[in-house]
Amino acid sequence: MTTKQFMIVNRKAPYGTIYGWEALEVVLIAAAFEQDVSMAFLDDGVYQIKKGHQTKGIEIKAFEKTFRALEDYDVTKIYVDQESLTERGLTADDLTIPVEVLSRAEIGKRMEEQDIVLAF
Amino acid sequence: MKFAILVSEGPYTHQATDTAFLFAQAVLAKGHEIFRVFFYHDGVYNATRLTTPPQDDRNIVKRWTELAKANNLDMVVCVAAAQRRGIVDDGEMQRNGKDATNLAEPFRISGLGQLIEAGIQADRLVVFGD
């Protein structure tokens, strides 16, 4: 099968809307199709991978655990926008998975290298 | 050029579906090919034939149906997104014990793999979302 570079870009907070969860489903399927998959987290999207999701109060299933399974699917290229972290008082230590923290310009460069960018 | 289109917002709520439709029309008018149109998130609501907009408004579902039939387009609705939002064909009705269907022609319900395949096969996958 042809392999293409797919980047899934997450811009929205994890609950509130379904985008984060349904984007993660795309990541898992793309990985199952043995594509070269990466993820980028920008803006409120960085909250998706913040440690310690507590969703009992809003009666929605938490999906923090699924991020930790990404490694089993060989999805290890996880890019996080430095400015988005800083704006929200976060650092890489607050995140639930190992990531590569990049400047906006560097993330832009990675996007340029992709065959397909799916932004959610 | 071979295009694939992803529609990830609902009709009437968001302009993404209108723009996707107009883009698809323009692509075909220029003599290009559309490998597939894939509907995800609330985009699956583009595929309910029960949509009844006021008479002086555009009928988004009917418009897709006509374009797809005239150009033999492959219109695919994500099964997981459809199940959550109550978009049902005969197969889904039987599998999940429902009492009705609402999928418009010629849409079909299938897996997310169809989106990935569209990305692989097309020269460009164009996303219409928020």
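Residues numbered from 1 in each chain as written. Chains lettered and ligands numbered in written order. Predicted model: local features only at pLDDT ≥ 70, side-chain atom pairs only at ≥ 80, totals over all residues. Heavy atoms only, no water.

## Quick word on the confidence of the model for chain B
And then number 1: Residue-level pLDDT values for chain B average 97, and 100% of them are 70 or greater.
And then number 2: Taken over the whole predicted complex, pTM reads 0.94, whereas the ipTM for its chain interfaces reads 0.89. (pLDDT = per-residue confidence, 0-100.)

## Observations regarding the sheet that holds strand β3 (residues 77-81) of chain A
Hydrogen bonds between backbone atoms are what pair the strands of a sheet, whose relative direction is either parallel or antiparallel.
All names here are of chain A.
And then number 1: Strand order in the open sheet formed by five strands is β4-β3-β2-β1-β5, and the pairing between neighbours is parallel. Edge strands, defined here as strands with exactly one partner in the open sheet, are β4 (100-102) and β5 (116-119). Ignoring which end each strand starts from, the neighbouring axes of this sheet average 25° apart.
And then number 2: In terms of strand pairing, strand β1 (residues 5-10) meets strand β2 (residues 36-41) through six bridges, oriented parallel. The residue bridging V9 from the neighbouring strand is A40, located in β2. (Pairing = 2+ DSSP bridges. Helix = DSSP H or I, 4+ residues; strand = E, 2+ residues; numbered from the N terminus. Axes fitted to C-alpha atoms, helices over the stretch in contact; angles between N-to-C directions.)

## Quick look at the packing of aromatic side chains
Each pair of aromatic rings is reported with the distance of its centres and the angle of its planes.
And then number 1: Enumeration according to the criterion identifies eleven aromatic pairs over all chains in this entry.
And then number 2: Between A:F63 and A:F67, the aromatic rings sit 5.7 Å apart at their centres with planes inclined by 45°, giving tilted as the arrangement.
And then number 3: For A:F63, a relative accessible area of 4% translates into the label buried.
And then number 4: We classify A:F67 as buried; its relative accessible area is 1%.
And then number 5: Note on B:F23 and B:F128: the rings are 5.4 Å apart at their centroids and 50° apart in plane angle, and the pair reads as tilted. Of this pair, B:F23 sits in helix α1 (residues 16-29) while B:F128 sits in strand β5 (residues 124-128), placing them 105 residues apart in sequence.
And then number 6: The class for B:F128 is buried, based on a relative accessible area of 12%.
And then number 7: One cation-aromatic arrangement involves A:K12 over A:Y19; the distance from NZ or CZ to the ring centre is 4.3 Å. (Phe/Tyr/Trp six-rings, centres within 6.5 Å; stacked < 30°, edge-to-face > 60°. Buried < 20%, exposed > 50% of the residue type's maximum accessible area, 1.4 Å probe, protein only. Lys NZ or Arg CZ within 6 Å of the ring centre and 35° of its normal.)

## Quick notes on the interface of chain A and chain B
And then number 1: Chain A puts 20 residues into the contact, and the matching count from chain B is 18 residues.
And then number 2: Each partner contributes to the roughly 1600 Å² buried at the junction of chain A and chain B, and carbon and sulfur atoms together form 64% of this total.
And then number 3: Remark: the boundary between chain A and chain B carries four salt bridges.
And then number 4: The salt bridge involving A:E22 is made with B:R84; its shortest N-O contact spans 2.6 Å.
And then number 5: Secondary structure elements with two or more residues in the side of chain A that touches chain B: α1 (19-32) and β5 of chain A.
And then number 6: Ranked by residues supplied to the side of chain A that touches chain B, first place goes to α1(A) with eight residues.
And then number 7: Here the side of chain A that touches chain B is composed, by residue class, of 14 nonpolar, two polar and four charged. (Contact = heavy atoms within 4.5 Å. Buried area = accessible area lost by both parts, 1.4 Å probe. Salt bridge = Lys/Arg side-chain N within 4 Å of Asp/Glu carboxyl O. Nonpolar A, V, L, I, M, F, W, Y, C, P; charged D, E, K, R; others polar.)

## With respect to helix α5 (residues 113-121) of chain B
And then number 1: With respect to burial, α5(B) is a largely interior element, seven of its nine residues being buried.
And then number 2: Along α5(B), the residues that are buried comprise B:G113, B:Q114, B:L115, B:I116, B:A118, B:G119 and B:I120.

## Some thoughts on the pattern of salt bridges
And then number 1: What the rule picks out here adds up to 23 salt bridges over all chains.
And then number 2: Of the charged contacts, one joins B:E92 and B:R95 as a salt bridge, the two residues approaching to 2.9 Å between their closest N and O atoms. Here B:E92 and its partner B:R95 are both found in helix α4 (residues 90-95), three residues apart, which amounts to about one turn of the helix.
And then number 3: Within the structure, one salt-bridge network assembled from shared partners comprises A:D44, A:D81, A:E83, A:E87, A:R88 and A:R104.

## Overview of the environment of B:V37
All names here are of chain B.
And then number 1: By secondary structure assignment, the location of V37 is in strand β2 (residues 33-39).
And then number 2: A relative accessible area of 0% places V37 in the buried class.
And then number 3: For the pair V37 and S8, spaced 29 residues apart in sequence, the C-alpha to C-alpha distance is 11 Å.
And then number 4: Beyond its immediate stretch of four places on either side in the chain, V37 contacts I5, V7, W64, D74, M75 and V76.

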